[in-house]
Amino acid sequence: MHLIIQHIGQLVTLSPSPNALGEGRGEVKPLGKARVGLAMSELGIIEDGLVAIENGNIVAVGKTSELKPKLKLLPHTKVIDAGNQVVMPGFVDCHTHLVYGGSRENEFEMRVSGITYQEIAAKGGGIRSTVKATRLASREVLKRDALKRLDRMLMWGTTTVESKSGYGLETKSEIKQLEVIKDLNDLQAIEVVPTFMGAHEFPEEFRGTGDSGQGTVDRDGYVKLICEEMIPKVAEAALAEFCDVFCDQGVFTPEEAIKILETASNFGMIPKIHADELASVGAAEVAGKVKAISAEHLLYPSQAGLELMKAAGTIAVLLPGTSLTIKKNYAPARKMIEMGIPVALATDLNPGSCTIENMPFIIGLACLYLGLTPAEAICAATYNAACAIKRGDRIGSIEEGKQADLLIMDIPNYRYIPYHYAVNYVKTVVKKGRIVVGQ
Ligand code: NIG
Ligand code: FE
């Protein structure tokens, strides 16, 4: 299908001027490289803009007055007038735990009455309770529930989602989750990108009976199972592009994380890491050392860790919905931006620490609690998020040659997104050039 969207009030391209990127004369834009510092505020806005789409890709971007006379209108071209509206890239939710069994509203109620997320986890709740439910759930049920979530996410403008495994913690159940993630791609419009996260927690069968304390856990045994059985099998079946480890207090140590991520890297998976979410344990340092594409959460990173991340070009994926839900600190986002670390945003959708499915709400939280400007937050939720899942060359901005994943928002300017953070203004969603929401 051919599509032209014209007379767009604000076309938010996310295509920054070469100067803002510090690229000198800048004929070449560094496609796929996450933006840092001031470049995060360059939204490349075109007023009275036009975007033309053919066969799923963007073929022209510019001012309506300049482009319209040059465009050939084929008989089957659909033309949309988007006066007084915003057109922008679809949101990229680059960190979720989308596929899981069961639910944990009982824990929500406990937290509301003052019991902390970590206290619940130490008593066998938290991730371990979802592992029990996910192991028992059939593929059909996992798929059915994930599809409902994806449908809602699409309505809120998310066009690409990363999803981790990590609620199986045994080879067959990890593979079951990853196969469900793969199948979801054929069943609905959102692209779902797979990450293997066998190192999300230590499973019951590696814990001493009657005691869930750290001392009785057969840590080496489980790390060995991950490295010698899970990673090779997941890699052989090509079920994951990335490997993630929960490196934090009470879960995997920096040494264990390095071992797992280096093994995964040798098998062709790109390292990611849940880092310093609950305490400062040296996980940001691990991200730098293994050259992780992204480090996520980062509520308590050390200065040394941030410096190593910057040197490695690691993207900080910040998840303010989780801080809100488990009543924790917010990541030091301004410091990261000032240091030149690229920042991305995501929901962290999961059954425990954050059940938020919509990116506009996360953008609002990022402005209110991380101190991002609306422009920085939009960049973090689109282009930089695409870079965090190695897709910055294909999605996350509206540029000639890129895949046509975009939104028509019924708002006069992009600042309305964080300003009205709990309102859904998505009118139309275009995925790979096809209208999948609205008309
Ligand atoms: O990103 N931090 C680790 N994992 C998830 C929480 C998962 C859960 O509570 O089920 C997170 O917050
Ligand atoms: Fe997470």
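Residues numbered from 1 in each chain as written. Chains lettered and ligands numbered in written order. Predicted model: local features only at pLDDT ≥ 70, side-chain atom pairs only at ≥ 80, totals over all residues. Heavy atoms only, no water.

> I would appreciate a short explanation of the pattern of salt bridges in the present structure.
Pairs may arise between side chains of opposite charge once their charged atoms sit close together. Under the criterion given, the structure shown has 22 salt bridges. With its nearest N and O atoms 2.9 Å apart, the salt bridge here joins Arg-128 to Glu-204. In this pair, Arg-128 is assigned in helix H4 (residues 127-136) and Glu-204 in the loop between strand E8 (191-199) and helix H7 (219-236), connecting sequence segments 76 residues apart. Looking at Arg-128, the relative accessible area reads 6%, which means it is buried. A salt bridge links Glu-170 to Lys-172; the shortest N-O distance between them is 3.8 Å. (Salt bridge = Lys/Arg side-chain N within 4 Å of Asp/Glu carboxyl O. Helix = DSSP H or I, 4+ residues; strand = E, 2+ residues; numbered from the N terminus. Buried < 20%, exposed > 50% of the residue type's maximum accessible area, 1.4 Å probe, protein only.)

> Can you walk me through the sheet that holds strand E13 (residues 343-345) in this structure?
In a beta sheet, neighbouring strands pair by backbone hydrogen bonds and run either parallel or antiparallel. Strand order in the open sheet formed by eight strands is E6-E7-E8-E9-E10-E11-E12-E13, with parallel pairing between adjacent strands. Both edges of this open sheet fall to strand E6 (91-93) and E13, since each of them pairs with a single strand only. Averaged over all adjacent pairs, the angle separating strand axes in this sheet is 25°, with direction ignored. Note: strand E9 (residues 242-247) against strand E10 (residues 270-275), six bridges, orientation parallel. Within the sheet, the bridge partner assigned to Phe-242 lies in E10 and is Ile-270. Of the strands in this sheet, strand E7 (158-164) and E8 are in contact with helix H6 (residues 171-187), which crosses E8 at around 175°. (Pairing = 2+ DSSP bridges. Axes fitted to C-alpha atoms, helices over the stretch in contact; angles between N-to-C directions. Contact = heavy atoms within 4.5 Å.)

> Can you walk me through the packing of aromatic side chains in this structure?
Aromatic ring pairs are described here by two measures, namely the spacing of the ring centres and the angle between the planes. According to the stated counting rule, one finds nine aromatic pairs in the structure shown. Here the aromatic rings of Tyr-330 and Tyr-369 are separated by 4.9 Å at their centres, their planes lie at 15°, and the arrangement is stacked. Of the two residues, Tyr-330 is situated in the loop between helix H11 (320-326) and helix H12 (333-339) and Tyr-369 in helix H13 (residues 359-369); the sequence distance between them amounts to 39 residues. For the pair Tyr-416 and Tyr-419, a centre-to-centre distance of 5.4 Å together with 85° between the ring planes defines the contact as edge-to-face. With Tyr-416 and Tyr-419 both in helix H16 (residues 416-419) and three residues apart, this pair spans about one turn of that helix. The exposure class assigned to Tyr-419 is exposed, which follows from its relative accessible area of 59%. Pairwise contacts between aromatic rings join Phe-202, Phe-206, Tyr-222 and Phe-252 into one cluster. Against the face of Tyr-383 rests Arg-35, its NZ or CZ located 3.8 Å from the ring centre. A cation over an aromatic ring shows up here: Lys-272 above the ring of Phe-242, its NZ or CZ 5.1 Å from the ring centre. (Phe/Tyr/Trp six-rings, centres within 6.5 Å; stacked < 30°, edge-to-face > 60°. Lys NZ or Arg CZ within 6 Å of the ring centre and 35° of its normal.)

> How should the packing of H6 against H7 be read in this particular structure?
Each packed pair of helices is defined by two parameters, the angle between the axes and the distance between the axes. Relative orientation of the contacting elements H6 and H7 amounts to 35°, with a least axis distance of 10 Å. Handedness of the crossing formed by H6 with H7: right-handed. Packed against H6, whose contacting residues are Thr-171, Glu-174, Ile-175 and Leu-178, the element H7 presents Leu-225, Glu-229, Met-230, Lys-233 and Val-234 at the interface. Across the contact of H6 with H7, the residue classes break down as five nonpolar, one polar and three charged. (Left-handed = near helix turned anticlockwise from the far one by under 90°. Nonpolar A, V, L, I, M, F, W, Y, C, P; charged D, E, K, R; others polar.)

> Explanation requested: the domain arrangement of the chain in the structure shown.
Often the size quoted for an interface is simply the accessible area lost on bringing the parts together. When cut into domains, the chain gives domain 1 (2-90 + 396-437) and domain 2 (91-387). At the junction of the two partners, domain 1 supplies 35 residues and domain 2 supplies 34 residues. The contact between domain 1 and domain 2 buries some 2800 Å² in all, and 73% of this surface belongs to carbon and sulfur atoms. Three residues stand out in domain 1 for area buried against domain 2, namely Met-40, Tyr-421 and Lys-431, and they jointly supply 23% of the buried area on that side. Counting every contact that joins domain 1 to domain 2 gives zero salt bridges. The tally of links between domain 1 and domain 2 comes to six residue pairs in polar contact (both at pLDDT 80 or more). Breaking the side of domain 1 that touches domain 2 down by element, the ones donating at least two residues are strand E5 (86-89), strand E14 (406-409), H16, strand E15 (426-431) and strand E16 (434-437). Grouping the amino acids of the side of domain 1 that touches domain 2 by side-chain chemistry returns 22 nonpolar, seven polar and six charged. (Domains from an automatic or database assignment. Buried area = accessible area lost by both parts, 1.4 Å probe. Polar contact = N/O pair within 3.5 Å; in protein donor to acceptor, adjacent residues only side chain to side chain.)

> Even after reading the chapter, I still don't get the pairing of E8, so can you show me in this structure?
Along any regular strand, the residues point their side chains to alternate faces of the sheet. Here E8 lies mainly inside the structure; nine of its nine residues are buried. Pairing geometry for E7 and E8, over five bridges, is parallel. Among the inter-strand pairings, Thr-160 is bridged to a residue of E8, identified as Glu-191. Relative to E9, E8 is paired through three bridges, and the arrangement is parallel. Within E9, the position partnered with Ala-199 by the bridge is Val-245.

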